[in-house]
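Reading the structure
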There are 2 protein chains.
Amino acid sequence: MVSSKAVRAVILAVGSELLATDRLDSNSLHLTAILERHGVELVRKGVVGDDETAIEREVRRAFEDAELVLVGGGLGPTADDVTREGCARALGRELREDAATREAIARRFAAMGREPSANNWKQAQVLDGATPLPNPRGTAPGQRLEVGGGALFLFPGVPYELAFLAERDLDPWLAARAGGVARERRTLRVALRPESEVDQQLEPAYVEFGREWITVLAAPGEVRIRLTAAGAADARARRLAEMAARVRELLGEAVYGEGEDQSLERVVGEQLAASGRTIATAESCTGGLLAERLTRLPGSSRYFPGGVVTYSNAEKTRLLGVPAALLAAHGAVSEEVARAMAEGVRERLGADFGVAITGIAGPDGGSESKPVGTVHVAVAGPGASLGHRHLRLPGDRERIRWQASQAALEMVRRRLLEVAARERR
Amino acid sequence: MVSSKAVRAVILAVGSELLATDRLDSNSLHLTAILERHGVELVRKGVVGDDETAIEREVRRAFEDAELVLVGGGLGPTADDVTREGCARALGRELREDAATREAIARRFAAMGREPSANNWKQAQVLDGATPLPNPRGTAPGQRLEVGGGALFLFPGVPYELAFLAERDLDPWLAARAGGVARERRTLRVALRPESEVDQQLEPAYVEFGREWITVLAAPGEVRIRLTAAGAADARARRLAEMAARVRELLGEAVYGEGEDQSLERVVGEQLAASGRTIATAESCTGGLLAERLTRLPGSSRYFPGGVVTYSNAEKTRLLGVPAALLAAHGAVSEEVARAMAEGVRERLGADFGVAITGIAGPDGGSESKPVGTVHVAVAGPGASLGHRHLRLPGDRERIRWQASQAALEMVRRRLLEVAARERR
């Protein structure tokens, strides 16, 4: 492997249980993190059952696509553990018994006061030319075989054994070869904007930095913009800073935060905590989701005194003081009622801000003029100011509710930005 | 495809984000469940990036190994969505625009009051000879192309869109072809009981039916008991009925429902709807989660007038009438306050039942006598009756909140069972 060219890798998980309805191959995430650290490109990953012919075929295909092939699982002592055999056939190598590994197995069993059974010795078989990777956490050792310009690594499938061997053996092996091409990522987040719109706005950044370094990912009610840079640590950090600055320039205040584990409720919570202000919620169609999101964060009692869920018209009047005449004139799902709910909850709970959501989450309750997905969001405060937004949200009940809560949080975030800007002046 | 021979399938997930360190392809689980239902053998699954050449190569390989190829993802409107193009190349087909799909896209955008951008029209492209699978939940339609003895299915990558299309289009298509080798499952659900306890209680059923047919799976705040039977439809159904009856006999009323998509809030909602009674919620540490769960169901306005989230002591007094003296004497997290909250919300919202949760979700706020995880749940009604439960829940903030909402729903469910039994007498 030459360090000036990007190394490519394929990850293969072996195990019939990984093809069932309730298991995912999470080992690949650990291996991917190590690959990413060293700038190795993961071209694909796969899961195959405990089937010698299938393993042989997949390992062969993997080497057609990549220089580095990482296989996890199928190294146990039972008859269906056939990863060793499948790999040997794929690479046209014999299996031979490794004396040191045999001895380690004998020692391990002696320590447990047990006799190895005939099939336990299978685990001492290594591919001809391979280096065994001792496994102090289990009976299945790993193996590393350098082939042509690349290498095949075999890891045990037990997650904590694989993680241990990968860190101990794969990481330094790559470090010695990759040489400074590590990749780094930054994720910017935007709420409530369509993916295609964000994509178009980012066009100048694609041209400037290259499309392969900027990925736009849609999630319900939000879009993530993932920036990637490769190279030496200094250059990488500089490049990511340039890219992030350009994206923020193109998207403006729509970027609400950074990081894979960031969330809109966290950003709003931090704004509220920093400004020393409080907010109260009044919800209809979201049924408490907005309050629930605002209280996900530890310490939210500093800025959230409480909220109400008023599902019926009677409760909108009783708990929030929305005039019955207003409800009768405009209907519960209307700009007027959203505004009255926001003002009502702000006043009754003595908060700085009141935020209200009323809408039709469906599947029933829609009409020609107010179809399912119609949502009104209003924010009251600070002082007498009032903001309102009318949305038509796509998707099913769950998605509509989620997006409505995103819309409310996004409105509050913008309002808090305005307030902060005004105060700085 | 011949029904007497087992059909083989390959699942391929497309998306560069699925090759990152933080995402797994969970769509394949849903597809696998459908394959299993019809006795289709999943030979392997794979993940590939948004790379036309790689997609072409993987689809070609998939058809070398299987008759049925299921591809998810890469059907979006952006430039990196190239699944259509890769598949067209793999199968040597042209892409053509589907008029009905184009129209559906136009309608969808019109309904949202937006203009489609140029790249949105990409989504109207289908493989020559393919049947478009309309997607009412998003803009990316799926496609089904019958090739040779098999078929290629393209699904959008958004999980709930893929799940919808797979159930609507793949399941019946397989049902028409597979014939008689199916396995069938039934899932029974139990809330708030430790897995080990349920496991022990099920021992006689393991002995009677064989351990491999009964699986106990733990999830936060609940346990699922999965029953499996194989063979002809009649025998399968009979066997599952026998197993389910035995499990219900062993676990009694702890079994709250059946089905993978069953939920405690749905069962409680159905009980309330059937009894014509209403419930109001008062929440502290769960911050609205209980109300949010009760309103996940369409039609919940019949039995849920509303609820309050009283995070601060002042709001507990103001919105629920909890005496300040009671709060001072016992603290907000106490049996006395939980009872007063339940009674207060029941009375103020004029509901048949009031349910209240107060507790310490952490990570801060715990003490020696009231550690993090201390939760009090109370149910008021019908009439003057009051129930209370004191819990010490394990886990982090999110898990504590979830389990507290499970506990409240489970208490309400039991209370409604008692009421229904009394009324039958």
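Residues numbered from 1 in each chain as written. Chains lettered and ligands numbered in written order. Predicted model: local features only at pLDDT ≥ 70, side-chain atom pairs only at ≥ 80, totals over all residues.

Concerning the environment of A:Arg318
Tracing the chain through its elements places A:Arg318 in helix α11 (residues 313-320). C-alpha of A:Arg318 to C-alpha of A:Glu64: the two residues are 254 residues apart in sequence and 70 Å apart in space. (Helix = DSSP H or I, 4+ residues; strand = E, 2+ residues; numbered from the N terminus.)

Quick look at the nonpolar core
Within the largest apolar cluster, 131 residues are counted, with the highest numbers of intra-cluster contacts made by A:Met341 and B:Met341. Discounting residues that sit within four places of it in the chain, A:Met341 has contacts with A:Ala282, A:Lys316, A:Leu320, A:Val322, A:Ala356, A:Thr358 and A:Ala378. Among the nonpolar cores identified, the runner-up in size contains 95 residues, and A:Val126, A:Leu154, B:Ala13 and B:Leu35 belong to it. (Core = buried A, V, L, I, M, F, W, Y, C linked by C-beta atoms within 7 Å. Buried ≥ 20, exposed ≤ 12 C-beta atoms within 10 Å, placed from the backbone. Contact = placed C-beta atoms within 7 Å.)

Description of unusual backbone geometry
Peptide bonds are mostly trans, and most non-glycine residues show a negative phi. For the peptide bond that leads from A:Gly362 to A:Pro363, omega is 0°, which places it in the cis range. Tracing the backbone shows A:Pro363 in the loop between β15 (353-359) and β16 (374-380). Residues B:Gly381 and B:Pro382 are joined by a peptide bond in cis, for which omega reads 0°. Despite not being glycine, A:Leu192 has its phi angle at roughly 60°, a positive value.

Quick word on the interface of chain B and chain A
With 59 residues of chain B at the contact, the number on the chain A side is 59 residues. Among the secondary structure elements, those contributing two or more residues to the side of chain B that touches chain A are α1 (27-37), β2 (41-48), α2 (52-65), α10 (289-294), β14 (306-310) and α11 (313-320) of chain B. Residue classes in the side of chain B that touches chain A are distributed as 26 nonpolar, 21 polar and 12 charged. Where strand β2 (residues 41-48) of chain A and β2(B) come together, 5 bridges link them in antiparallel fashion. Directly across from A:Gly46, in β2(B), lies its bridge partner B:Gly46. (Nonpolar A, V, L, I, M, F, W, Y, C, P; charged D, E, K, R; others polar. Pairing = 2+ DSSP bridges.)

A look at the pairing of strand β17 (residues 386-392) of chain A
Residues and elements named next belong to chain A. Bridge count between β16 and β17: 7 bridges; the pairing is antiparallel. Looking at the pairing, His-376 lines up with His-390 of β17. Between the antiparallel neighbours β16 and β17 lie 5 residues, among them Gly-381 with a positive phi of about 105°.

Some details on the domain arrangement of chain A
Domain annotation for chain A reports domain 1 (8-178), domain 2 (183-258) and domain 3 (264-424). Inter-centroid distance (C-alpha atoms) of domain 1 of chain A to domain 3 of chain A is 53 Å. (Domains from an automatic or database assignment.)

A few points about the sheet that holds strand β10 (residues 214-219) of chain A
All names here are of chain A. Strand order in the open sheet formed by 4 strands is β10-β11-β9-β12, and the pairing between neighbours is antiparallel. In this open sheet, the two strands that pair with only one neighbour each are β10 and β12 (255-258). Between one strand and the next, the sheet's axes are offset by a mean angle of 25°, whatever the strand orientation. As judged from the 3 bridges shared by strand β9 (residues 183-191) and β12, these two strands associate in the antiparallel manner. Bridged to Leu-188 within β12 is Glu-258. (Axes fitted to C-alpha atoms, helices over the stretch in contact; angles between N-to-C directions.)

What to know about α1(B)
All names here are of chain B. Looking only at α1, the buried set comprises Asn-27, Ser-28, His-30, Leu-31, Thr-32, Ile-34 and Leu-35. Those residues of α1 that are buried are in contact with β1 (8-14), β2, β3 (68-72) and α5 (159-175). Among the residues trailing α1, Gly-39 stands out with phi positive, at a value near 70°.

Brief notes about the environment of A:Leu162
Mapped onto the elements of the fold, A:Leu162 is located in helix α5 (residues 159-178). In the structure, A:Leu162 is positioned 24 residues away from A:Gly138 in sequence and 10.0 Å away in space, judged by C-alpha atoms.

Observations regarding the pairing of strand β13 (residues 279-283) of chain A
Residue and element names in this part refer to chain A. Burial analysis of β13 places 5 of its 5 residues in the buried class, which makes it a mostly covered element. Here β13 shows no split at all, with Ile-279, Thr-281 and Glu-283 on one side and Ala-280 and Ala-282 on the other all buried. For β13 and β15, the ladder comprises 5 bridges, and the chain directions are parallel. Across the sheet, residue Glu-283 finds its bridge partner in β15, namely Ile-357. Bridging between β13 and strand β14 (residues 306-310) involves 4 bridges; their strand directions are parallel. Its bridge partner being in β14, Ala-280 is matched across the sheet by Gly-306. With respect to chirality, the unit in which β13 leads through helix α10 (residues 289-294) into the neighbouring parallel β14 is right-handed. (Right-handed = clockwise from strand over helix to strand, strands pointing away.)

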